[in-house]
Amino acid sequence: MSEHEHVQEHEHVQEHERELAVRAGELDASDELAGVRKQFVLDEVVYLDGNSLGALPAAVPGRVDDVVRRQWGSLRIRSWDESGWWTAPERIGDRIAPLVGAAAGQIVVGDSTSVNVFKALVGAVRMAGEGRDEILVDATTFPTDGYIAESAARMTGCALRPLAPAEVPGALSGRTAAVLLNHVDYRTGRLHDLPSLTAAVHAAGAVAVWDLCHSAGALPVGLDEHGVDLAVGCTYKYLNGGPGSPAYLYVRRDLQDRFDSPLPGWNSHAEPFGMRSEYEPASGALRGRVGTPDILSMLALEAALEVWDGVSIEAVRAKSLALTDFFLECVRAYAPAGRVESLTPPAHQERGSQVALRCGDAGDVMKSLIGRGVVGDFRHPDVLRFGFTPLYVGFGDVERAARVLGETLAEHAG
Ligand SMILES: *Cc1c(COP(=O)(O)O)cnc(C)c1O
C-alpha cells in the first residue's frame, strides 16, 4: 500500500467509526427501554456479563435492609405470616411466570438450578410410562446439568445418552423417558427450537425438561403455549436476582398431580405443620418445594423483579436482537480482519442474547478488556463471551465495547 492509500484507508476507518457512533446515538434515542437503566446501580463500565451475574437493581439494598432489620430484627417469627415469608416461593414464582409465558400456579422458587434439574429430571422419569429407560441430554450443556442427569439416570435405572440437540428427534424412541435440553447454549449463545423439539419429544411419548437459565428474561419462552412439561432456570442472570439467588421449577398444571418429587421435604407436604410421620404431597406448584426457603435471597429477588413492571418480554427480545446485530456489525468494522470468529448464529431465530467470539489468546484479551472498562467473560479454551441485557445495556455501550475490543485485539498479536 502506498502512503497515499494508507491515509485513505485510515480516513475510511475513521469515517466508519463516526458513522457507527452516530447510529448508536440514534438507536439509543429511539429505544423504548432506555429509561429502565436508571433502575439499576451502574457506573461507567460497559457491563456485558449480565448473562453470568445480572447488575444490581436499585430497589434491592433498601428492601434487604428492611427484611433484615424490621422483618427479622423486630417481627422475628411473626414474619413467616405477617411479612409473607412462608408463601414467598409461590408468590415470586407467579411474578416470574409471565416472563416465561406461564399462567400462575405453576412455578415455585427455591434451591439452586442444579437441585431443580434433579427434581425435574427424576420427576420426569417417574411420570414417563412403563418400559421407558433412557434419558437424552444435551451433550453441549452447562456441565452441572450433565452431572446431575448422570446421577438421575443411575438412580432411576435409566441409560443416559448425551447428544447434540439437533440429534434429539432422530434419537427418540419408545424407550425414551425424558429429555433434558437447554433453551440457549451457555457457550455459543445458540437458541434451540423449543416448540419443535418439545413437539418431537411428545410425539415419542416422552417428557420434555427445559433449562431456561440463558433465556428467561432475555426472550419469550412460551412454556404454556408450547406445552413444555417441566422447566428450570436460575434467577441471577437475566433476572438480576443477585449472587446465588434461588432458582425455580415449573411443572405444567395438568402434570402436577403426577409430579413425584425425589426430594419430598416438609415444605411440600399437604399439611407441613401437621408434623405427620407419613408424607402426603401438597397439590399444585408447591409440591416442588423442599425445605425452609432462603428468605434473604428470595426477597432480594422479589425486589429485583420490580424492574419488570410495565416491561414486555417482546420489547426486550426486539432490543436484544438489535443489540447483538449492532455489536456484530461494530466488531466487523473494528476488529482486525480474521482475528475473531463469531460462534453465535447469524439467524435471529437461532440466537439468544449473547455473542460468543472465538479468539486466539482469549483469556488475555478479556483481561485487557476488563482493565479498559468493558466487562465480558472468558470461557475455556478460546471464547470471549458478551451478554446483552436489554434492560440496562444501550447501543452506545455496544459501540464502545466493540471499539475497545478492536483496539485491544490490535495490540495482542494472537
Ligand atoms: C447458570 C447455569 C446453571 C447454574 O446452576 P446453579 O445450580 O444455579 O449453580 C445451570 N445450568 C445452566 C444451563 C446454566 O446456564
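On a predicted model such as this, the values are computed, not experimentally measured, just so you know.

1. Considerations on the side chain of arginine 317
On the secondary structure map, arginine 317 appears in helix α10 (residues 313-334). For the buried arginine 317, no salt bridge is present, and the opposite-charge side chain at shortest range is aspartate 325, 9.4 Å distant. At a separation of 2.9 Å, a polar atom in the side chain of arginine 317 contacts the main-chain carbonyl oxygen of arginine 351. Those residues in contact with arginine 317 that lie beyond four places of it in its chain are Leu191, Ala218, Leu219, Pro220, His348, Arg351 and Gly352.

2. Some details on the site of the ligand
Close to the ligand lie Ser112, Thr113, Ser114, Phe142, Thr144, Asp145, Asn182, Asp211, Cys213, His214, Tyr236 and Lys237. Between a nitrogen atom of the ligand and a side-chain N or O atom of aspartate 211, the distance comes to 3.2 Å. Take histidine 214: an N or O atom from its side chain is 3.0 Å from an oxygen atom of the ligand. Expressed as a share of its isolated accessible area of 390 Å², the protein-covered part of the ligand is 87%. Elements that contribute at least two residues to the shell around the ligand include exactly α5 (113-127) and α6 (143-156). Taken together, the residues that form the shell around the ligand break down as three nonpolar, six polar and three charged.

3. Digging into the packing of helix α2 (residues 60-72) against helix α9 (residues 295-304)
α9 packs onto α2 with a crossing angle of 140 degrees between their chain directions and a minimal axis gap of 9 Å. By the criterion of interaxial angle, the relationship of α2 to α9 is oblique. Crossing handedness for the pair α2 and α9: right-handed. Within the contact between the two elements, α2 uses Val60, Arg63, Val64, Val67, Val68 and Gln71 and α9 uses Ile295, Leu296, Leu299, Ala300, Ala303 and Ala304. Partitioning the contact of α2 with α9 into residue classes produces ten nonpolar, one polar and one charged.

4. Notes on the UniProt feature "modified residue: N6-(pyridoxal phosphate)lysine" (unreviewed entry) in the chain
Feature annotation in UniProt assigns "modified residue: N6-(pyridoxal phosphate)lysine" (unreviewed entry) to the following positions: Lys237. Residue placement: lysine 237 occurs in the loop between β9 (230-233) and β10 (248-251). In this structure lysine 237 touches Gly50, Asn51, Ser52, Gly54, Cys213 and His214, once residues within four positions along its chain are discounted.

5. What to know about the pattern of salt bridges
Using the criterion set out here, one finds 31 salt bridges in the structure. Among the ionic pairs, arginine 23 bridges to glutamate 19, the shortest N-O distance being 3.5 Å. Taken together, the positions of arginine 23 and glutamate 19, both in helix α1 (residues 3-29) and four residues apart, correspond to about one turn of that helix. Owing to a relative accessible area of 26%, arginine 23 belongs among the partly exposed residues under this scheme. When its relative accessible area of 38% is taken as the criterion, glutamate 19 is described as partly exposed.

6. A look at the domain arrangement of the chain
The domain boundaries assigned to the chain delineate domain 1 (3-58 + 310-413) and domain 2 (87-292). If you average the C-alpha positions of domain 1 and of domain 2, the two centres end up 32 Å apart. If you look at the interface, domain 1 gives 34 residues, while domain 2 gives 20 residues. Across the domain 1/domain 2 interface, buried area totals approximately 2,000 Å², and carbon plus sulfur atoms make up 56% of it. It is Asn51, Ile313 and Gln354 in domain 1 that bury the most area against domain 2; as a group they hold 23% of the surface buried on that side. Counting across the interface, domain 1 meets domain 2 through one salt bridge. Measuring nitrogen to oxygen at the nearest pair gives 3.2 Å for the salt bridge that ties glutamate 350 to arginine 190. At the boundary of domain 1 and domain 2, one finds nine residue pairs in polar contact (both at pLDDT 80 or more).

7. Quick notes on the sheet that holds β9
Read across the open sheet, the seven strands follow the order β4-β10-β9-β8-β7-β5-β6; overall the sheet is mixed. Two strands bound the open sheet, and with one partner strand each, they are β4 (107-109) and β6 (159-163). Direction aside, neighbouring strands of the sheet carry axes that sit 15 degrees apart on average. In the sheet, β4 pairs with β10 via three bridges, with the strands oriented antiparallel. Of the residues in β10, the one forming a bridge with isoleucine 107 is tyrosine 250. Contacting β5 (134-138), β7 (176-182), β8 (207-211), β9 and β10, α5 crosses the sheet at an angle of about 170 degrees to β9.

8. Observations concerning a nonpolar patch on the surface
A grouping of Trp266, Phe273 and Met275 is seen on the molecular surface, where their side chains present a nonpolar patch of about 370 Å² in accessible area. Mapped onto the fold, phenylalanine 273 is located in the loop between β10 and α9.

9. Some points on the UniProt feature "binding site: pyridoxal 5'-phosphate" (unreviewed entry) in the chain
Residues given the UniProt feature "binding site: pyridoxal 5'-phosphate" (unreviewed entry) here are Thr113, Ser114, Phe142, Pro143, Thr144, Asp145, Asp211, His214, Tyr236, Trp266 and Thr292. With the annotated positions falling across 180 residues, the maximum pairwise C-alpha distance of 30.6 Å shows that they are not confined to a single cluster. Within the fold, aspartate 145 resides in helix α6. Note on aspartate 145: relative accessible area 2%, which makes it buried.

Parameters at a glance
As a convention, each chain's residues are numbered from 1 in the sequence order in which they are written. Per-residue local features of the predicted model are confined to residues with pLDDT of at least 70, and side-chain atom pairs are confined, for both listing and counting, to 80 or more; whole-chain, interface and lining totals are unaffected and use all residues. Excluded from the side-chain calculation are hydrogens and water; included are all heavy atoms of the structure. Helix and strand labels come from DSSP, where a helix needs a run of H or I of at least four residues and a strand needs a run of E of at least two; each type is numbered from the N terminus. Type-normalised accessible area, obtained with a 1.4 Å probe on protein chains alone, sets the label of each residue: buried when under 20%, exposed when over 50%, and partly exposed for intermediate values. In this count, Lys and Arg are taken as positive residues and Asp and Glu as negative ones, while His and the chain termini are left out. Salt bridges are defined as contacts in which a side-chain nitrogen from Lys or Arg sits within 4 Å of a carboxyl oxygen from Asp or Glu. We call two N or O atoms a polar contact when they sit within 3.5 Å, provided that within protein one can donate a hydrogen and the other can accept it, with sequence-adjacent residues counted only if both atoms are side-chain atoms. Contacts are assigned to residue pairs with any non-hydrogen atoms lying within 4.5 Å of each other. Consider each residue's heavy atoms; a residue with any of them within 4 Å of a molecule or strand counts as near. Only the protein chains shown count as cover for residues, with accessible areas throughout obtained via the Shrake-Rupley method and a probe of 1.4 Å. Nonpolar residues are Ala, Val, Leu, Ile, Met, Phe, Trp, Tyr, Cys and Pro. Charged residues are Asp, Glu, Lys and Arg, and all others, Gly as well, are polar. What counts as an axis is a line fitted to C-alpha atoms, over the stretch in contact for a helix, and the angles between N-to-C directions run from 0 to 180 degrees. Oblique is the label for every angle not falling under 35 degrees (roughly parallel), over 145 degrees (roughly antiparallel), or within 65 to 115 degrees (roughly perpendicular). A clockwise turn of the near helix away from the far one marks a right-handed crossing, whereas an anticlockwise turn of less than a right angle marks a left-handed crossing. UniProt positions are given in the numbering used here, feature names are shortened, and annotations may be inferred rather than shown by experiment. As used throughout, domain bounds are those supplied by an automatic or database domain assignment. Buried area is understood as the total, over both parts, of accessible area removed when two parts are fitted together, assessed with a 1.4 Å probe. Here, strands pair whenever DSSP counts at least two bridges between them. Excluding any residue in a salt bridge, patches collect residues exceeding 30% relative accessible area, merging like charges within 9 Å and nonpolar Val, Leu, Ile, Met, Phe, Trp and Tyr side chains within 5 Å.

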